[in-house]
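Survey of secondary and tertiary structure
Chain by chain, the residues run as shown.
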Amino acid sequence: MSGRELLRAVAAQVNATLFEWSLIRGLTRSGDAGIIFQTSDPYQLLRHLEGLSVYGLFLLKDFAKHLDDPKVARQFREVTAAFIASGIDPKSQIIFNQS
């Protein structure tokens, strides 16, 4: 079973939406051809995620290399802090970065 298949199964089990991101396509709902506008840039993606209120799993393909950019790294920390402040328990929730 691939990582994507595993995440799809987990999303179905916990009734969450699976989102996938790539630098080329931007953010999409898994299985949906529609792209969420202005999310192909890593920084803009993170800004978008920070404002979401939907319960979801996020597969960020090849994202690790973008964390070398100080602006993206800072925004990643801000998004993580916002998720934790909204009630995500960092001891039981995982932010998975596929590289």
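Below is a short write-up of the structure. This one's a predicted model, so the numbers in the text were calculated from it and none came from an experiment.

Our next topic: the overall build of the protein chain. Per the secondary structure count, the protein chain includes three helices and five strands. Its helices and strands in sequence order give the protein chain the pattern α-β-β-β-α-β-α-β, from N to C terminus. Counted over contacts in the protein chain with a minimum sequence separation of 6, partners at least 24 positions apart contribute 50%. Carbon together with sulfur atoms contributes 53% to the accessible area of the protein chain, which is approximately 6,500 Å² in total.

Our focus in this paragraph is the pattern of salt bridges. One pass over the full model with this rule turns up four salt bridges. Notably, a salt bridge pairs glutamate 20 with lysine 61, separated by 2.9 Å at the nearest N-O pair. Taken as a pair, glutamate 20 in strand β1 (residues 17-22) and lysine 61 in strand β4 (residues 56-61) lie far apart in primary sequence, 41 residues in all. Between arginine 74 and glutamate 78 there is a salt bridge; the shortest N-O distance is 3.1 Å.

For the rest of this paragraph, the subject is the pairing of strand β2 (residues 26-29). Sheet topology note: the β1/β2 ladder contains four bridges and is antiparallel. From the neighbouring strand, serine 22 faces β2, where its bridge partner is glycine 26. Taking the residues that link successive antiparallel strands as the turn, the β1-β2 hairpin has three residues. Pairing of β2 with strand β3 (residues 35-36) involves two bridges; the strand directions are antiparallel. Considered in β3, the bridge of threonine 28 is made with isoleucine 35.

By relative accessible area, glutamate 20 is classed as buried at 7%. At 2.9 Å, the side chain of glutamate 20 and the side chain of serine 30 are in polar contact. Within polar-contact distance, the side chain of glutamate 20 engages the side chain of lysine 61 at 2.9 Å. Apart from the residues within four sequence positions on either side, glutamate 20 is in contact with Arg4, Arg8, Gly26, Leu27, Thr28, Ser30, Leu59 and Lys61.

Tallied over the full model, the rule gives four aromatic pairs. A ring pair is formed by tryptophan 21 and phenylalanine 63, whose centres lie 5.2 Å apart and whose planes are at 80°; its orientation type is edge-to-face. You can see tryptophan 21 sitting in strand β1 and its partner phenylalanine 63 sitting in the loop between β4 and α3 (70-85), a full 42 residues away along the chain. Phenylalanine 63 shares its class with tryptophan 21; the two are buried. Among the aromatic side chains, those forming a connected cluster through ring pairs are Phe19, Phe58 and Phe83. In this structure, lysine 71 is placed above the aromatic ring of tyrosine 43, and the distance from its NZ or CZ to the ring centre is 4.2 Å.

Among the residues of helix α2 (residues 42-51), Pro42, Tyr43, Leu45, Leu46 and Leu49 are the ones counted as buried. Considered in projection along α2, the buried side chains sweep an arc of 155° and stay on one side of the axis. In the core, the buried residues of α2 are packed alongside β1, β2, β4 and α3. Where α2 begins, the capping side chain belongs to aspartate 41, and its oxygen is found 3.1 Å from the backbone nitrogen of tyrosine 43.

Parameters and conventions
Residues numbered from 1 in each chain as written. Predicted model: local features only at pLDDT ≥ 70, side-chain atom pairs only at ≥ 80, totals over all residues. Heavy atoms only, no water. Helix = DSSP H or I, 4+ residues; strand = E, 2+ residues; numbered from the N terminus. Contact = heavy atoms within 4.5 Å. Areas by Shrake-Rupley, 256 points an atom, 1.4 Å probe, with all protein chains shown as cover. Salt bridge = Lys/Arg side-chain N within 4 Å of Asp/Glu carboxyl O. Pairing = 2+ DSSP bridges. Buried < 20%, exposed > 50% of the residue type's maximum accessible area, 1.4 Å probe, protein only. Polar contact = N/O pair within 3.5 Å; in protein donor to acceptor, adjacent residues only side chain to side chain. Phe/Tyr/Trp six-rings, centres within 6.5 Å; stacked < 30°, edge-to-face > 60°. Lys NZ or Arg CZ within 6 Å of the ring centre and 35° of its normal. Arc of directions from axis to C-beta.

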